[in-house]
Amino acid sequence: MIDQFFAGDLSEVEEAVRKAAADEIMPRFRQLASHEIVEKKGPHDLVTTADRRAEEHLAASLTALLPGSAVVGEEGVHADPSDLAHLGGDAPVWIVDPVDGTRQFVHGNPGFSTLVTLAHRGELLASWTFAPALDLMAIARRGQGALLNGEPIRAGSPAPGKVLEVAVSHFDFTTDREKRALSGLRTTGVVPRPCGSAGLEYLHVARGELDAIAFTWENAWDHAAGLLLVAEAGGANATLSGEPFRIAGGNALPFTAARDEETVRHILGLLAAAG
C-alpha cells in the first residue's frame, strides 16, 4: 500500500532523518545552553531548541519527498492541537517525534531517538527509529519485516517460565487509577521498570531484549514507529479492551506491546485485574 503514496526510494526518508539529527540534534547534544531548555507542562516535560529545529527540518524535508502529505509532530501539536485531525484525514501523514527521550537528551544520556512514521487513515505503512548517539537505525515496512542497521530482527517469544521484563510508564506521569492498573505487574514472574525513550523500548521488544511494554498514554508520535517495528518483528499489541492500539486515539488504557500474542494476553490480564 505504501507504493500508492510513495513512489520514491524509501532510503530518501532515512537520509532525511539522519540529516535532521546531524544538523539539529547532535550538535546540541551535551552542548545545550540553559535558554535552550524550556518546561512545557512541568519539570518532567521538557522541550529544547533541538526538538523544535529538528521537527521543522523533518517537516520540510518529508513533505518535499511526498507532496500533499501532512505532518503530525509533537511540537507542532503542542502549538496547534488541530494538527491531530490529520491522523484521520485522507492525506498520507508523517508522524514525527524529533527527540523522543528529551529528558535523557537534556541530561547527556545517549538513550534518545528520532521517530518518524508514514501512515494513512490510521494504518501504519513504514517507520524509522533512529538513535543517533548510539548509531542505531531501525526500519519497518508494513508486510516486509523489520531491520536494524540493515539486518533483519525478530522479537521471538520468551522462554517458558522466564521472568518477564516489562517497561512501564514512569509513575511521575501516571494518575492514581493508572498506578493501580500498573501495580498488577508487581507480581511473581514479572519485573516492571520505568521506561526510558519509548522509541528505544519498542526497539528492545522488537529485538527480544525486553518482553513487553505497558504504557498509559497514547500520543501517536511516541508509539506509531514502535508499534509497527514490533509488529513487523513478529510481536503484537492490544489495549485494555483487547483491541489493537489506534493511533488516532480513543484507546482503552493502559495498553501493551510484547514479543508475542501470549505475552500480550498475560500482561493485559494482570492490568485488568488490578485496574
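Calculation criteria
- Residues numbered from 1 in each chain as written.
- Predicted model: local features only at pLDDT ≥ 70, side-chain atom pairs only at ≥ 80, totals over all residues.
- Heavy atoms only, no water.
- Helix = DSSP H or I, 4+ residues; strand = E, 2+ residues; numbered from the N terminus.
- Rg over C-alpha atoms; globule rule 2.2 N^0.38 Å.
- Contact = heavy atoms within 4.5 Å.
- Areas by Shrake-Rupley, 256 points an atom, 1.4 Å probe, with all protein chains shown as cover.
- Buried < 20%, exposed > 50% of the residue type's maximum accessible area, 1.4 Å probe, protein only.
- Phe/Tyr/Trp six-rings, centres within 6.5 Å; stacked < 30°, edge-to-face > 60°.
- Axes fitted to C-alpha atoms, helices over the stretch in contact; angles between N-to-C directions.
- Parallel < 35°, antiparallel > 145°, perpendicular 65-115°, else oblique.
- Left-handed = near helix turned anticlockwise from the far one by under 90°.
- Nonpolar A, V, L, I, M, F, W, Y, C, P; charged D, E, K, R; others polar.
- Pairing = 2+ DSSP bridges.
- Right-handed = clockwise from strand over helix to strand, strands pointing away.

1. Focus: the overall build of the protein chain
Item 1. When helices and strands are tallied, the protein chain shows 8 helices and 14 strands.
Item 2. For the protein chain, the C-alpha radius of gyration of 18 Å lies close to 19 Å, the compact-globule estimate for 275 residues.
Item 3. The principal-axis extents of the C-alpha atoms in the protein chain amount to approximately 50 × 45 × 35 Å.
Item 4. Relative to all contacts within the protein chain whose residues are 6 or more apart in sequence, the contacts with residues 24 or more apart total 64%.
Item 5. In the structure as shown, the protein chain presents an accessible area of about 11,600 Å², 50% of it carried by carbon and sulfur atoms.

2. Things to note about the environment of E75
Item 1. Counting through the fold element by element, E75 comes out in helix α3 (residues 74-79).
Item 2. We classify E75 as buried; its relative accessible area is 11%.
Item 3. The spatial distance from the C-alpha of E75 to the C-alpha of A54 is 10.0 Å, given a sequence separation of 21 residues.

3. Thoughts on unusual backbone geometry
Most of the time, phi is negative for any residue but glycine, and the peptide bond is trans.
Item 1. In this structure, the amide linkage connecting L253 to the following residue, P254, adopts the cis form with an omega of 5°.
Item 2. For P254, the location among the structural elements is in the loop between β13 (236-239) and β14 (255-258).
Item 3. Although it is not a glycine, R121 adopts a positive phi angle of roughly 50°.
Item 4. Assignment of secondary structure puts R121 in the loop between β5 (113-120) and β6 (123-131).

4. Quick notes on the packing of aromatic side chains
Item 1. Per the counting criterion, the structure on display carries 8 aromatic pairs.
Item 2. Measuring from centroid to centroid gives 5.8 Å for F29 and F105, while their planes differ by 25°, and the two rings are stacked. In this pair, F29 sits in the loop between α1 (11-25) and β1 (37-42) while F105 sits in helix α4 (residues 102-106), placing the two residues 76 residues apart along the sequence. F105 shares its class with F29; the two are buried.
Item 3. The rings of Y202, F215, W217, F245 and F255 are connected pair by pair, giving a single aromatic cluster.

5. So, the packing of helix α5 (residues 176-183) against helix α8 (residues 261-274)
Item 1. One way to put it is that α5 packs onto α8 with a least axis distance of 6 Å and a crossing angle of 130°. Accordingly, the angle class assigned to the pair α5 and α8 is oblique. Between α5 and α8 lies a crossing of right-handed hand. Taking contact as the criterion, the partners of R180, A181, L182 and S183 in α5 are, on α8, L270, L271 and A274.
Item 2. When grouped by side-chain class, the residues that make up the contact of α5 with α8 number 5 nonpolar, 1 polar and 1 charged.

6. Some thoughts on the sheet that holds strand β7 (residues 136-141)
Item 1. Taken together, the 7 strands give an open sheet; going across it, the order is β3-β4-β5-β6-β7-β8-β9, and neighbouring strands pair in mixed fashion. Taken across any chain shown, the strands that pair with only one partner, and hence form the sheet edges, are β3 (70-73) and β9 (151-152).
Item 2. Pairing geometry for strand β8 (residues 146-148) and β9, over 2 bridges, is antiparallel. Within the sheet, the bridge partner assigned to L147 lies in β9 and is P152.
Item 3. In the packing of α1 onto the sheet, contacts are made with β4 (93-100), β5, β6 and β7, and the angle to β6 comes to roughly 40°.
Item 4. Contacting β3, β4 and β5, helix α2 (residues 49-65) runs over the sheet at an angle of about 155° to β4.

7. Examining the pairing of strand β10 (residues 164-168)
Item 1. Counting buried residues along β10, 4 of its 5 residues qualify, which places the element largely inside the surrounding structure.
Item 2. Pairing between β10 and strand β11 (residues 190-194): 5 bridges, direction parallel. Pairing of V168 across the sheet is with P194, part of β11.
Item 3. A crossover connection joins β10 to the parallel β11 through α5; in handedness this β-α-β unit is right-handed.
Item 4. When β10 meets strand β12 (residues 212-215), the two strands line up parallel, connected through 3 bridges. Bridged to A167 within β12 is I213.

8. Overview of the environment of L203
Item 1. Inspection of the secondary structure puts L203 in helix α6 (residues 198-206).
Item 2. Spatially, the C-alpha atoms of L203 and A272 are 25 Å apart, while their sequence positions differ by 69 residues.
Item 3. With residues up to four places along the chain from it excluded, the contact list for L203 reads L136, A138, L148, I153 and L229.

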